[in-house]
Amino acid sequence: MPNPLNVLSSPTRRRALLLSMVVTLIAFLLLGWLMSQLSKADERQLAMASASRTEQLFNDMVLPARRQLLALDKLRHLPCSELKDKLAKMAALEKYTRSIAVFYPDHVCHSFLGRLDENRLATWAPPELIHQPLTLVASNPIVQDRPALLLWRGEPDLSRGVLVVIEGLYLYDLLGQASRFSNDQVALVVGSKAMLGLQKQVVDATSLAPALARIKSPQGFEVQISDSHSHSSASHWRWLLAALVAGLLGLFCYFALNRREGPKAELKRAMERNEFFLHYQPVLALEDLSVTGAEVLMRWRHPVQGLIAPDIFIRAAEDTGLIVELTRHLFTLLEKELAQWEGGRFKLGVNLAAEHLHDGTLTRDLLALKGRLPANIQLVAELTERQLIGEDPLVIKQLQDCRAAGIQIAIDDFGTGHSSLAYLERLPVDYLKIDKSFVSALDSGSVQAPVLEAIIQLGHRLGMELLAEGIETERQAQFLRAKGVEYGQGYFYARPMPAPTLRQWLATAGSAAAANLTALRKEAGKKPD
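Residues numbered from 1 in each chain as written. Predicted model: local features only at pLDDT ≥ 70, side-chain atom pairs only at ≥ 80, totals over all residues. Heavy atoms only, no water.

### Some words on the packing of aromatic side chains
Within the structure shown, the criterion is met by nine aromatic pairs. For the ring pair Phe276 and Trp300, a centre distance of 5.0 Å and an interplane angle of 35 degrees mean the geometry is tilted. Taken as a pair, Phe276 in strand E12 (residues 276–285) and Trp300 in strand E13 (residues 291–302) lie far apart in primary sequence, 24 residues in all. Grouping residues by exposure puts Phe276 and Trp300 together as buried. (Phe/Tyr/Trp six-rings, centres within 6.5 Å; stacked < 30°, edge-to-face > 60°. Helix = DSSP H or I, 4+ residues; strand = E, 2+ residues; numbered from the N terminus. Buried < 20%, exposed > 50% of the residue type's maximum accessible area, 1.4 Å probe, protein only.)

Now the structure itself:
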């Protein structure tokens, strides 16, 4: 069964959960954004490097063609008969050049077609040919549907000049390699047109995605690298990693808050909010069943868990170092409830912790409590036998000081420890409280039943009065009374109850005690007075 103290109260749990969720969300967004920015910076750096390499490769294509263009510009006045062999040789020697043509007003001299009797350049050439150092076309009249890069030098009306054509397939191959290397879309932009390598098409430059990197060449072209969303899987992994780290951070935050707001904080908060309250279980004299006092029992009504068993929260208080503070809180509650107590002498048993006994403040705290309670209340400090093991001079000194101040001492759960007879004789003790496990053995026929008689005999030998705990049946009560046990408490007589109920119960306890005494005397063969 899980410890109820490990569960925070509802407001605290919600607060811890909400704060952890906020931390997780902020961490997720911050980490995701940071990783995204770092990734984009890396992508831009890689894209710039790729664009620079690609620009250099295109320069290696364009520069030889431009040198050819300049060389032929000086020879364009020559007739085709003198130029055609030179054109064919120049086109063959430059691997990227597809063809070279020298245009005359009424004919064309072509590198591999020879002389053509008609100059139709003006009919198919794009308008920007005469304005740009380079022109990109999706098709040319020599090979339909094959792109090409054109270099023109000549008259604005296209009647005379030199045209060098760079093969578009080479451009596609270079762009495709660059795209595969960078995992992005690499485009060759010339004027208003752009060539895409992987798609193998010429498109309008305005349709390109935003550029990660862009390099303009002095040769009249631009290499642009755009995000093709091929990094989406990497982006997903980055966000997944950010979610994982943020989740772990949120989980750590939640558990850290739980730890900080754990049993110790929960106990402190319970004391501040008065979640603890007191019950009193009456103690009766077994000889005449008169009520002589009560044992004070602390209870805790948790706002979420409800009533928490005393052994759980007392153990938690001991583990967290709050048991002395909790005992002092009990004293405060006791003072408030019994400040106006009326009636005769009433013994009040208060359970104390070993830590309180050994830190040297027990006597001071008990004397302060005694001074604030009505004079008719007799305090009885109850300490378990296990707490008293060991001949600590400080322990014995405090017990002696308490007795000297009129506070009686009782050893609780007697029989469950291992105190020696000699050590018990030196302790200033007034009562031995017999543990309920020995009392319940009377009805079960347990082997512990003979031990009970030995404990009773030992108590009488030590000259201490005996109080039996956990009496639940008439048979147990008769046996204990017959053996000379002076006091008893248990469900057979009364359950623990709050102070107002105890006052009402005590109001009727006198007549009940007289009736019980009459019954006891009749049982013994006597007549009532």
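### Topic: the sheet that holds strand E8 (residues 193–196)
With respect to topology, five strands assemble into an open sheet ordered E9-E8-E7-E11-E10, the strand pairing being antiparallel. Strand pairing shows two members of the sheet lacking a second neighbour, strand E9 (201–204) and strand E10 (211–216), which therefore form its edges. Neighbouring strand axes in the sheet, compared pairwise and without regard to direction, differ in orientation by 25 degrees on average. Where strand E7 (residues 185–190) lies against E8, four bridges are found, and the strand directions are antiparallel. Opposite Val190, over in E8, you have Lys193 as the bridge partner. (Pairing = 2+ DSSP bridges. Axes fitted to C-alpha atoms, helices over the stretch in contact; angles between N-to-C directions.)

### Re the pattern of salt bridges
Counted by the stated rule, this structure contains 20 salt bridges. The salt bridge involving Asp73 is made with Arg76; its shortest N-O contact spans 3.4 Å. The shortest N-O distance in the salt bridge between Asp365 and Arg364 comes to 3.4 Å. One network of salt bridges, in which partners are shared, links Asp73, Arg76, Arg153 and Glu155. (Salt bridge = Lys/Arg side-chain N within 4 Å of Asp/Glu carboxyl O.)

### Concerning the nonpolar core
Judged by nonpolar contacts, the single largest core of 73 residues is most densely connected at Phe276, Tyr280, Leu334, Ile434 and Leu480. Ranked by the residues each element gives to this core, the list is headed by helix H8 (residues 323–338), at eight residues. Other than its neighbours up to four places away in sequence, Phe276 contacts Leu267, Ala270, Met271, Met298, Arg299, Trp300, Phe313, Leu326, His329 and Leu333. Judged by nonpolar contacts, the second largest core, of 40 residues, contains Leu72, Cys109, Leu171 and Ile215. (Core = buried A, V, L, I, M, F, W, Y, C linked by side-chain atoms within 4.5 Å. Contact = heavy atoms within 4.5 Å.)

### Focus: the pairing of E8
Joining the antiparallel neighbours E7 and E8 is a turn of two residues, in which Gly191 adopts a positive phi near 65 degrees. The hairpin turn running from E8 into E9, its antiparallel successor, is four residues long, and Lys200 in that turn takes a positive phi close to 55 degrees.

### Notes on the packing of H8 against helix H10 (residues 362–372)
At their nearest, the axes of H8 and H10 sit 10 Å apart, and the two run at 10 degrees to each other. Relative to H10, the element H8 lies roughly parallel. Seen from H8, the contacting residues are Arg328, Phe331, Leu334 and Glu335; seen from H10, they are Arg364, Asp365, Leu366, Leu369 and Arg372. Partitioned by chemical class, the residues of the contact of H8 with H10 number four nonpolar, no polar and five charged. (Parallel < 35°, antiparallel > 145°, perpendicular 65-115°, else oblique. Nonpolar A, V, L, I, M, F, W, Y, C, P; charged D, E, K, R; others polar.)

### Structural notes on helix H13 (residues 436–444)
Taken as a whole, H13 has its buried residues at Phe438, Val439, Ala441 and Leu442. Summarising the axial view, the buried residues of H13 lie within an arc of 150 degrees, below the 170-degree limit, and thus occupy one face. Exposed positions of H13 whose direction lies more than 90 degrees from the buried face are Lys436 and Ser444. Looking at the buried positions of H13, the neighbouring elements they touch are strand E17 (408–414), strand E18 (431–434), helix H14 (449–461), strand E19 (465–468) and helix H15 (474–482). (Arc of directions from axis to C-beta.)

### A word on H10
Among all positions of H10, only Leu362, Thr363, Asp365, Leu366 and Leu369 are buried. Projected onto a plane normal to the axis of H10, the buried residues spread over an arc of 165 degrees and lie on a single side. The exposed residues of H10 that point more than 90 degrees off its buried face are Arg364 and Gly371.

### Some words on the packing of H13 against H14
At a minimum axis distance of 8 Å, the contact between H13 and H14 shows a crossing angle of 130 degrees. As the angle between them shows, H13 and H14 are arranged oblique. Between H13 and H14 lies a crossing of left-handed hand. In this structure, H13 contributes Phe438, Ala441 and Leu442 to the contact, and H14 contributes Ala449, Val451, Leu452 and Ile455. The residue makeup of the contact of H13 with H14, split by class, is seven nonpolar, no polar and no charged. (Left-handed = near helix turned anticlockwise from the far one by under 90°.)

### Considering the side chain of Ser111
Inspection of the secondary structure assignment puts Ser111 in the loop between strand E2 (108–110) and strand E3 (114–116). A relative accessible area of 7% means that Ser111 is categorised as buried.

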